[in-house]
Amino acid sequence: TWMPEYGRWMLESTPGHPFEGVEGTAQLEANMKLRRARLAAALQPGEIAPTVTSMPLFGVQGFCEPHQEPNGPVAESLFVPDEVIFPHPRFPTLTKNIRLRRSSRVEIRRPRFEAAEALSKLGKDAPIPASQAEADALDHVYADAMAFGMGNCCLQVTMQASSLSESRYLYDQLAPLTSIMLALTAATPFMRGWICDDDTRWGQLAQSVDDRTPAERSSVASSSTGGGDERLAGRGVRPLPKSRYDSIDCYIGEGPEAAENNDVPLVLDEEHVGRLVEGGVDEALARHIAHLFARDPLVLFGDRLHLDDEHDIDHWENLQSTNWQTLRWKPPPPHKGALSSSDEGHIGWRVEFRSMEVQITDFENAAFSSFIVLLSRTILESKLNLYIPMSKVERNMKVAQGREACTSERFWFRTNISAGEGAEAEQIATSDMEPVALMTVSEILMGKGPFPGLIPLCHRHLEAADYEPATRKLLREYLAFIARRAEGKVLTAATWMRSFVLNHEAYQQDGRVPPAAAHDLMIAAAEMGEGRRPCPELVGEISRLLPCEVPTPTEREVAARGAAVAQPWLLR
């Protein structure tokens, strides 16, 4: 299934039908190759479609074809023309309303390569450039439009749980993993033609859709704002500690540990909590739902204003879908959730894992997607307990964005993750390990002392479960690759791309991405994605990286006419 996304150059790709459990992940890589080949069939001569988070020169003068001038009425950007936004009314409306609600253009700031301290010294009154030249003269990288965030591509995995209770448990257990997976998949070392000193899209995205008013961005409510604007949630003066695109704010599980580890205050209206509790929703879930309503809706369509909320969920989805967080808990549409689980139209309680960055090759994308599915199954079967204080989840997300965080940083993680009183739990209890300790990504995945590590636990699950031998073999290969990435034996895409530019003959030692380097980098990424260029730096020596063959001109014409694309070249 193909869907348009925020940028006119972007496509969202999803499988036509859900994959069935862990066994279904064995089909994922071939399915991704199929999608890549079909996309290649639709390209014009001279066009490529690499799976990268963003283009290095996006926002640089003359970056789009045909040329369009920036500073349009929607984004009012110094760098990006409105024409790059996909023309569906939702996307330009989002862009304009975010700018109008905050009373200014968005401000996106990332550290320049080897100059991270400059950004850390910026105060609240950071300079806002009035021209591209002024922006380039800053000691950090500045951008000013939603397209710099929502124009990034990512890798998301949605899993359906067997019940409401299981979905809540899985949501909570995946929360501490969102930062780990962001660091492992880091793939965004550039912004607006500059080399950055951090590695991911996350902070850039959060800033690009930050619709908070000046009072909301303040740490305390300002007395000078008067009564605020009654049309806005919280009258537009209630402090909101972060953007609506960021890490989750609370656990939603039913057990006592969810409440015990919810140590971050939630912004919400207690009246909303009371109404939900009165309607039969328990306190933990009521507070999660109410905190989503601390934000305003950003897009409303006139024919969807007056709905029967007993049967239509558009009003809920309007807010749910614009609270862009690392995880999303997704209730089913009422009429589809009521169907039997054996019914083809049934949709159950789902959890969406949203922090990962898109990878250059299908092997990587399949490996990380499969790992999330396998690890989720391991968590459920072994009843693992990964709870850490929510404040540490937030701290981990900030750390994960740093340069080479995958190998150089340490993350808070629970050490006694086993259920019950097993041998591992006893070993950790009698060791000098803290209940929640700082560990590297490799230690979290592979183990440290009595802490078993997540990958060995996945291997145990693979041995115990009744999976096909071919599925086990493939998943072991994925696990081995992820372990190598955590150990630094293969690079993240961010580290590889930055090195590519720094070592390019056109690089002028000035922190900018030269056009020649950007061109060669995107060609290399496309060839690696298609299996035409080896990429041992990213994945190691994987002999299965077969070419996803680009179709002939005749095959392009067939695809353009809407006929079925010939199959033989799709899955070779």
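Once a new chain begins, its residue numbering starts again from 1 and follows that chain's sequence as written. For a predicted model such as this one, the threshold for reporting local features is a pLDDT of at least 70, and the threshold for listing and counting side-chain atom pairs is 80 or more; totals across whole chains, interfaces and linings nevertheless cover every residue. Calculation of side-chain values draws on the structure's entire complement of heavy atoms; hydrogens and water are dropped beforehand.

Brief notes about the sheet that holds strand β5 (residues 157-160)
Part 1 of the argument: Spatially, β5-β11-β10 is the arrangement adopted by the three strands of the open sheet, whose pairing is antiparallel. Looking at which strands have only one partner, the edges of the open sheet turn out to be β5 and β10 (327-330). The sheet shows a mean angle of 15 degrees between the axes of neighbouring strands, taken without regard to direction.
Part 2 of the argument: As paired strands, β10 and strand β11 (residues 350-353) are joined by four bridges and run antiparallel to one another. Bridge assignment links W329 to a residue of β11, and that residue is V351.
Part 3 of the argument: Any two residues whose heavy atoms approach within 4.5 Å at even a single point are treated as in contact. Between N-to-C directions, angles span 0 to 180 degrees; the directions come from axes that are lines fitted to C-alpha atoms, helices contributing only their stretch in contact. Numbered from the N terminus, helices here are DSSP runs of H or I no shorter than four residues, and strands are runs of E no shorter than two. Relative to the sheet, helix α7 (residues 164-174) contacts β5, β10 and β11, its axis offset from that of β10 by approximately 175 degrees.
Part 4 of the argument: Lying on the sheet, helix α16 (residues 362-382) is in contact with β5 and β11; it crosses β5 at an angle near 30 degrees. A pair of strands is considered paired only if DSSP assigns at least 2 bridges between the two.

Focus on the environment of F79
Part 1 of the argument: Along the chain, F79 turns up in the loop between α2 (28-41) and α3 (90-102).
Part 2 of the argument: For F79, a relative accessible area of 3% gives the class buried.
Part 3 of the argument: A C-alpha to C-alpha distance of 18 Å links F79 and F91, two positions twelve residues apart in sequence.
Part 4 of the argument: Residues within four places of F79 in sequence aside, it is in contact with G59, F63, P70, Q132, A135, Y142, A143, D144, F148 and R192. The buried label goes to any residue with under 20% of its type's maximum accessible area, the exposed label to any with over 50%, and the partly exposed label to all in between, with areas taken from a 1.4 Å probe on protein chains only.

Comments concerning the pairing of strand β13 (residues 436-440)
Part 1 of the argument: Alternating positions in β13 separate cleanly, A437 and M439 being buried on one face and V436, L438 and T440 remaining unburied on the opposite face.
Part 2 of the argument: As judged from the five bridges shared by strand β12 (residues 410-414) and β13, these two strands associate in the antiparallel manner. Paired with F411 across the strands is M439, a residue of β13.

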